[in-house]
Amino acid sequence: MLRGERVILREYRRDDLPEIRKWINNEAVVRNLGFWMYPQTVVESEEWLERQLTHKGAPQDIQFAIALADDPQETYIGGIGLHGIDLRNRHAELGITIGREDLHGQGLGTEAIQLLLEYSFAFLNLHKINLSYFEYNDRGARCYARCGFREEGRIRENRYYEGRYWDVIRMGITEEEFRRARQAAQGGSRPEQPAP
């Protein structure tokens, strides 16, 4: 378990299924996910959860459930994970969702990402974490920038949604960039930006 001030990252549990089912078919939430799984049947949700419980998913993936730190039941509110972990080249792809819409915009995703970055760099000894998001995901873009991710490129007009094509934006953060941003946040100074 990884514990922050307001969120914890914990293992998945069988009793997470009802909470997952509350959002998994909510188009306002799943529209930002990189894998389009909408709509999802109860059986598909059960199978996905079973893979998390038994680690029979991709062996190069690590998944955590997100819960509020002040909730004694540690009720599932979302998920975060590393995908395609490449131990030779020391990088992985980050994915996150906060399923409860009433908790969006409160900085919980930012804290969850920072916990996962610390785990990725300090425990897994990774060098870099990457992610992708869709151009229309303004809230995600702000969150990733706050966490220190930098835009590295775009895949133009690669997502069709609401009658038009949108870019897929690639971002990344290295351990050095993460440490520098954390140090600046603690010391109150702005991190130096490397030359382009």
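The structure presented is a predicted model; accordingly, all values stated were derived computationally and were not measured.

1. Observations regarding the overall build of the protein chain
Part 1: Each helix and strand counted, the protein chain has six helices and eight strands in total.
Part 2: Starting at the N terminus and ending at the C terminus, the protein chain contains elements arranged as β-β-α-α-α-β-β-β-α-β-α-β-β-α.
Part 3: For 196 residues, the compact-globule formula gives about 16 Å, and the C-alpha radius of gyration of the protein chain, at 17 Å, lands near that figure.
Part 4: With the C-alpha coordinates aligned to their principal axes, the bounding extent of the protein chain is approximately 50 × 45 × 35 Å.
Part 5: Counting every position in the protein chain, which comprises 196 residues, the buried fraction comes to 43%.

2. Notes on the packing of aromatic side chains
Part 1: A complete count under the given rule lists 11 aromatic pairs for this structure.
Part 2: Where Tyr-144 meets Phe-149, the ring centres are 6.3 Å apart and the plane angle is 70°; that geometry is what we call edge-to-face. For the pair formed by Tyr-144 and Phe-149, the shared burial category is buried.
Part 3: Taken together, the aromatic side chains of Phe-134, Tyr-136, Tyr-161 and Trp-166 make up a single cluster linked through ring pairs.
Part 4: Between the NZ or CZ atom of Arg-159 and the centre of the ring of Phe-134, over which it lies, the distance is 3.8 Å.
Part 5: Here the basic side chain of Arg-164 rests over the ring of Trp-166, its NZ or CZ set 3.6 Å away from the ring centre.

3. Considerations on the confidence of the model for the protein chain
Part 1: Overall, the prediction assigns the protein chain a mean pLDDT of 91, with 91% of residues at 70 or greater.
Part 2: When mean pLDDT is compared element by element in the protein chain, strand β2 (residues 7–10) scores highest at 98, while helix α2 (residues 27–30) scores lowest at 86.
Part 3: Across residues 189–196 the pLDDT falls below 50, and counting only partners more than four positions away or on other chains, this stretch makes nine contacts in the model.

4. Quick look at the sheet that holds β2
Part 1: Here we have eight strands laid out as an open sheet, ordered β1-β2-β3-β4-β5-β6-β8-β7, and mixed in their pairing. Each edge of the sheet is formed by a strand with only one pairing partner; in this case those strands are β1 (2–3) and β7 (150–161).
Part 2: Sheet topology places strand β4 (residues 76–86) next to strand β5 (residues 91–98); seven bridges connect them, and they run antiparallel. Paired with Asp-86 across the bridge in β5 is His-91.
Part 3: Relative to strand β8 (residues 164–174), helix α6 (residues 175–187) is tilted by about 80°, and along the sheet it contacts β7 and β8.

5. A closer look at helix α5 (residues 138–146)
In an α-helix, one full turn covers 3.6 residues, which means residues spaced three or four apart are oriented alike.
Part 1: Taken together, the buried positions of α5 are Gly-140, Cys-143 and Tyr-144. The arc that holds the buried residues of α5, viewed along the axis, is 95°, so those residues lie on one side.
Part 2: Summarising the contacts, the buried residues of α5 are in contact with β5, α4 (108–123), β6 (128–134) and β8.

Rules used in this analysis
Residues numbered from 1 in each chain as written. Predicted model: local features only at pLDDT ≥ 70, side-chain atom pairs only at ≥ 80, totals over all residues. Heavy atoms only, no water. Helix = DSSP H or I, 4+ residues; strand = E, 2+ residues; numbered from the N terminus. Rg over C-alpha atoms; globule rule 2.2 N^0.38 Å. Buried < 20%, exposed > 50% of the residue type's maximum accessible area, 1.4 Å probe, protein only. Phe/Tyr/Trp six-rings, centres within 6.5 Å; stacked < 30°, edge-to-face > 60°. Lys NZ or Arg CZ within 6 Å of the ring centre and 35° of its normal. pLDDT = per-residue confidence, 0-100. Contact = heavy atoms within 4.5 Å. Pairing = 2+ DSSP bridges. Axes fitted to C-alpha atoms, helices over the stretch in contact; angles between N-to-C directions. Arc of directions from axis to C-beta.

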